[in-house]
Amino acid sequence: FSVMMDRAVKLKNAQCAPLRSSFDSYPVFYQNSIYPRDEVIQARSCTNFQERMEAAQDMKKRGNEAFLDMNFFDSMVQYEMAVAVFKYLENINASWKTEGIKDDFIKEVVYDYGNDKERSQVAQFLVTCYNNMAIVSLNTNKFTVCISACDE
């Protein structure tokens, strides 16, 4: 069954490839933001900036702890989640699971800052997360991802 499912996924991806060239051009960590975990969704729903920032900082802290334990996969996931609290992709097609991911239905969402202080705090936070992603990618020999994180 798993071989058949794998082939079906590959076939669907090949069929949708021309319809998602923009999506495919994004770094993998940005692509992953389209599949938010419940914790990220909850953090995004915070209307209070400080609560939102604290939730993102907690994810980053867990990423740091995983990195120190040399658990690079989990650290990358946590850094991706932290970034996705403020900057992410959203699929506005409710049927995307059966129809596939298409550029026409992808929306880039960036947190709407209330003031310059918030903008500065988020910018500084994102830089540290991207730097951490780059370090994780370097440690796992994912050099393309490393460069993409540095370019953000």
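Residues numbered from 1 in each chain as written. Predicted model: local features only at pLDDT ≥ 70, side-chain atom pairs only at ≥ 80, totals over all residues. Heavy atoms only, no water.

Enquirer: Which residues make up the packing of aromatic side chains, and what values do they have?
Expert: One pass over the full model with this rule turns up 9 aromatic pairs. With centroids separated by 6.5 Å and ring planes inclined at 50°, the aromatic side chains of Phe 49 and Phe 86 adopt a geometry described as tilted. You can see Phe 49 sitting in helix α5 (residues 49-68) and its partner Phe 86 sitting in the loop between α6 (72-84) and β1 (87-91), a full 37 residues away along the chain. Taking the centre distance of 5.4 Å and the plane angle of 55° together, the rings of Phe 67 and Phe 72 count as tilted. With a relative accessible area of 17%, Phe 72 lands in the buried category. The rings of Phe 49, Phe 86, Tyr 111, Tyr 113 and Phe 125 are connected pair by pair, giving a single aromatic cluster. The residue whose ring lies beneath Arg 44 is Tyr 88, and the NZ or CZ to ring-centre distance is 3.3 Å. Positioned above the aromatic ring of Tyr 30, the side-chain terminus of Lys 87 is 5.3 Å from the ring centre. (Phe/Tyr/Trp six-rings, centres within 6.5 Å; stacked < 30°, edge-to-face > 60°. Helix = DSSP H or I, 4+ residues; strand = E, 2+ residues; numbered from the N terminus. Buried < 20%, exposed > 50% of the residue type's maximum accessible area, 1.4 Å probe, protein only. Lys NZ or Arg CZ within 6 Å of the ring centre and 35° of its normal.)

Enquirer: Kindly report on unusual backbone geometry, identifying the contributing residues and their values.
Expert: Positive phi, normally seen in glycine, also occurs at Met 70, with a value near 60°. Tracing the chain through its elements places Met 70 in the loop between α5 and α6. According to the relative accessible area criterion, Met 70 is exposed, its value standing at 60%.

Enquirer: Describe the pattern of salt bridges, and please don't skip the residues or the numbers.
Expert: Taken as a whole and judged by the stated rule, the model has 4 salt bridges. For the salt bridge of Arg 62 with Asp 58, the shortest nitrogen-to-oxygen distance reads 2.5 Å. Taken together, the residues Arg 62 and Asp 58, both in helix α5 and 4 residues apart, mark about one turn of the helix. In this structure Arg 62 comes out as partly exposed when scored by relative accessible area, which is 26%. Of the residues examined, Asp 58 reaches a relative accessible area of 36% and is grouped as partly exposed. A salt bridge links Glu 90 to Lys 107, with the nearest nitrogen and oxygen atoms 3.4 Å apart. (Salt bridge = Lys/Arg side-chain N within 4 Å of Asp/Glu carboxyl O.)

Enquirer: Talk me through the side chain of Gln 31; I want residue IDs and the actual numbers.
Expert: Turning to its location among the elements, Gln 31 is positioned in helix α3 (residues 28-31). Not counting residues within four places of it along the chain, the set of residues in contact with Gln 31 comprises Phe 23, Asp 24, Ser 25, Tyr 26 and Leu 89. (Contact = heavy atoms within 4.5 Å.)

Enquirer: Explain the packing of helix α8 (residues 116-139) against helix α9 (residues 143-151) to me, using residue names and the numbers behind them.
Expert: Axis separation between α8 and α9 bottoms out at 8 Å; the angle between their running directions is 165°. Considered as vectors, α8 and α9 are oriented roughly antiparallel to each other. Every pair of crossing elements has a handedness; the one defined by α8 and α9 is left-handed. Contacts from Tyr 130, Met 133, Ala 134, Ser 137 and Leu 138 of α8 reach α9 at Phe 143, Val 145, Cys 146, Ala 149 and Cys 150. (Axes fitted to C-alpha atoms, helices over the stretch in contact; angles between N-to-C directions. Parallel < 35°, antiparallel > 145°, perpendicular 65-115°, else oblique. Left-handed = near helix turned anticlockwise from the far one by under 90°.)

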